[in-house]
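Residue-level structural notes
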Amino acid sequence: MASKSVIKAAAAQLKPVLNDSLATTEKICDMIRASASQGADIIVFPETCVPNYPYFSFILPPVLQGPDHLRLYDEAVVVPGPITALVASAAKECGIVVVLGVNERDYGTLYNTQLVFDTDGQIVLKRRKITPTYHERMIWGQGDGSGLKAVDTTIARIGVLACWEHYNPLARYALMADHEEIHCSQFPGSLVGPIFADQMEVTMRHHALESGCFVINATGWLDDDQIKSITPDDKLQKALRGGCNTMIISPEGKHLATPITEGEGILYADLDMKLIDKRKRMMDSVGHYSRPELLSVVVDKTAYRHVEVSDKSIAIKESMDQI
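Residues numbered from 1 in each chain as written. Predicted model: local features only at pLDDT ≥ 70, side-chain atom pairs only at ≥ 80, totals over all residues. Heavy atoms only, no water.

Regarding the nonpolar core
Heads up, the rule is: The definition of a nonpolar core used throughout is a set of buried Ala, Val, Leu, Ile, Met, Phe, Trp, Tyr and Cys residues joined through side-chain atoms within 4.5 Å. Each residue is assigned to one of three classes by its accessible area relative to the maximum for its type, calculated with a 1.4 Å probe on protein chains only: buried under 20%, partly exposed between the two thresholds, exposed over 50%. Each helix corresponds to a stretch of at least 4 residues labelled H or I by DSSP, and each strand to a stretch of at least 2 residues labelled E; elements are numbered beginning at the N terminus.
Residues Ile42 and Ile182 are the most contacted members of the largest nonpolar core, which totals 28 residues. Listing elements by their share of this core, those giving two or more residues are β1 (6–13), β2 (42–44), β3 (97–106), β7 (157–162), β8 (182–187), β9 (214–219), β11 (265–272) and α9 (274–282). With 25 residues, the next largest nonpolar core counts Ala40, Val77, Ala91 and Leu115 among its residues.

In structure tokens form, the structure reads like this:
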């Protein structure tokens, strides 16, 4: 349960330093400290913002993606590692919950990973996007269901999903059934155009209404120079503009602050946690308004491993030792 009746939330619309994990992380830590100075209890950053979302994958054919993809490998984040240590230190220093999206490197594979740092700097959730979307499947591996859960933090129970995972109603329902109080969503921003921002508006407000929780949504943003550095083609540049909609939504589906759709900045809003009960009294989709004997969801939360080691000699030795 939420520790305070009113929680101050922050959503960061971040302009990454392209292809530079350390520089982007330093900006993130500055924004953590800035939001904490304004009294924020939680701050949410965009999808894979360290070092940056792989925008190249949306506009380049696979045969031309090699150099950019390898550069992303070089800048990807090991969890835990030096980059997460910097964020953890800032979270602990400021006593703030941080929700961060990173390109995670696990040996030879990259993943779209979401991290939740509690106020003591500990990582209380690491989850990987279960199905990368369309072009992203050339870049990231698939996650499993082990992170598809809400987690308790010092301030509230938090759930996270990335981008079009919100179009998987069963994934959303898994978090709803785990009683998330604050849902943190992350999108790349600067992608597809205005229609992407419009779709986000519908999706985030609907999830808030259906789940009866608050939604904090963060998107990235690219300036013109960055867009031109990704592609010199004027037509392709159009695909890297718009699509930004950083917002904070109440359980009643209302905006709690004017969304940020252009530029870099931090959005703030107070979350009156009593609104959760007010909404769920009328419609609790995982309680009195559900019909589990008719409709239910099976979630496999197994953390799958590629190799399961079985060493019978150890078991035999332990048995002999006990004789």
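After that view of the structure, there is still more to cover.
A word on the packing of aromatic side chains
The way to describe two aromatic rings as a pair is by their centre distance and the angle between their planes. To keep things clear, this is the line we draw: Put simply, two rings from Phe, Tyr or Trp (the six-membered ring, in Trp's case) pair if the centres are within 6.5 Å, and we call them stacked under 30 degrees between planes, edge-to-face over 60, tilted for the rest. Throughout this description, the term charge over a ring refers to an Arg CZ or Lys NZ atom that lies within 6 Å of the ring centre and within 35 degrees of the ring normal.
In the structure shown here, the tally under the stated rule is four aromatic pairs. Taking the centre distance of 5.3 Å and the plane angle of 45° together, the rings of Trp164 and Tyr167 count as tilted. With relative accessibility at 38%, the residue Trp164 sits in the partly exposed group. Judged by centre distance (5.7 Å) and plane angle (70°), the ring pair of Phe187 and Phe196 falls under edge-to-face. Phe196 shares its class with Phe187; the two are buried. One aromatic cluster is present, formed by Tyr53, Tyr55 and Trp140 through successive ring pairs. Here Arg128 stacks its cationic end above the ring of Tyr111, 3.8 Å away from the centre of that ring.

Section: the UniProt feature "domain: CN hydrolase" (unreviewed entry) in the protein chain
Filter applied, for reference: UniProt positions are given in the numbering used here, feature names are shortened, and annotations may be inferred rather than shown by experiment.
Under the UniProt annotation, "domain: CN hydrolase" (unreviewed entry) lies at residues 7–273. Secondary structure content for residues 7–273 is 31% helix and 25% strand, and the end C-alpha separation is 7 Å.

Side note on empty space enclosed by the protein
Condition: Using only the protein atoms, space was sampled on a 1 Å grid; points where a 1.4 Å probe fits but cannot get out form cavities, open sets with protein on both sides within 12 Å along at least five of seven lines form pockets, and lining residues are those with an atom within 4 Å of a point. Grid points are joined across faces, edges and corners, and a volume is the space filled by probe spheres set on the points.
Scanning the entire structure with this criterion turns up one cavity of 30 Å³ or more. One number sums up the size of the largest cavity: a volume of about 40 Å³. The wall of the largest cavity is formed by Leu14, Pro16, Pro46, Glu47, Cys49, Asn52, Tyr53, Tyr55, Pro188 and Gly220.

Examining the sheet that holds strand β6 (residues 151–152)
Rules: A pair of strands is treated as paired once DSSP finds two or more bridges between them. Throughout, a residue-residue contact means that at least one pair of heavy atoms, one from each residue, lies within 4.5 Å. Think of each axis as a best-fit line through the C-alpha atoms, taken over the contacting stretch in the case of a helix, with angles from 0 to 180 degrees between the N-to-C directions.
Spatially, β6-β7-β8-β9-β10 is the arrangement adopted by the five strands of the open sheet, whose pairing is mixed. Two strands lie at the open edges of the sheet, namely β6 and β10 (247–249), each paired on one side alone. Note: β6 against β7, two bridges, orientation antiparallel. Following the sheet pairing, Asp152 is matched in β7 by Arg157. Across the sheet, helix α6 (residues 194–211) lies against β8, β9 and β10, angled at about 160° from β9, the strand it touches most.

Overview of helix α1 (residues 21–37)
The test is simple: Take the residue count of a helix, subtract one, and multiply by 1.5 Å to get its expected span. Two N or O atoms form a polar contact when they lie within 3.5 Å of each other; inside protein one atom must be a possible hydrogen donor and the other a possible acceptor, and for residues adjacent in sequence the pair counts only when both atoms belong to side chains.
Over its 17 residues, α1 runs 24 Å from end to end, which matches the ideal 24 Å to within 8%, given 1.5 Å per residue. Along α1, the residues that are buried comprise Ser21, Ala23, Thr24, Thr25, Ile28, Cys29, Met31, Ile32 and Ser35. Structurally, α1 contributes buried residues whose contacts are with β1, β2, α3 (66–75), α4 (82–94), β3 and β11. One side-chain oxygen at the N-terminal end of α1 lies 3.4 Å from the backbone nitrogen of Leu22; it belongs to Asp20.

A short note on a nonpolar patch on the surface
Our working definition: The patches described consist of residues with a relative accessible area above 30% and no salt bridge, like charges being joined within 9 Å and nonpolar side chains (Val, Leu, Ile, Met, Phe, Trp, Tyr) within 5 Å. For every accessible area listed, the method is Shrake-Rupley and the probe measures 1.4 Å; residues are considered covered only by the protein chains on display. A carboxyl oxygen of Asp or Glu within 4 Å of a side-chain nitrogen of Lys or Arg is what we treat as a salt bridge.
A surface patch of nonpolar side chains, amounting to about 210 Å² of accessible area, comprises Leu170, Val297 and Val299. When you line up the elements, Val297 lands in the loop between α9 and α10 (312–322). Val297 gets classed as partly exposed once you look at its relative accessible area, which sits at 31%.

Remarks on the pairing of β8
Which entries qualify depends on this criterion: Here is how to tell: hold the view so the strands point away, follow the path from the first strand over the helix to the second, and if it runs clockwise the crossover is right-handed.
In terms of residue burial, β8 counts as a mostly covered element, since six of its six residues are buried. Here β8 shows two buried faces, one formed by Ile182, Cys184 and Gln186 and the other by His183, Ser185 and Phe187. Two strands pair when backbone bridges link them, and β7 and β8 are joined in this way by five bridges, in the parallel orientation. Note that in β8 the partner of Val160 across the bridge is Cys184. On the question of chirality, the crossover connecting β7 to the parallel β8 by way of helix α5 (residues 169–177) is right-handed. Here six bridges tie β8 to β9, and the two strands are oriented parallel to one another. Across the sheet, Ser185 pairs through a bridge with Asn217, a residue of β9. You can see the chain leave β8, run along α6 and come back into β9, and the turn it takes is right-handed.

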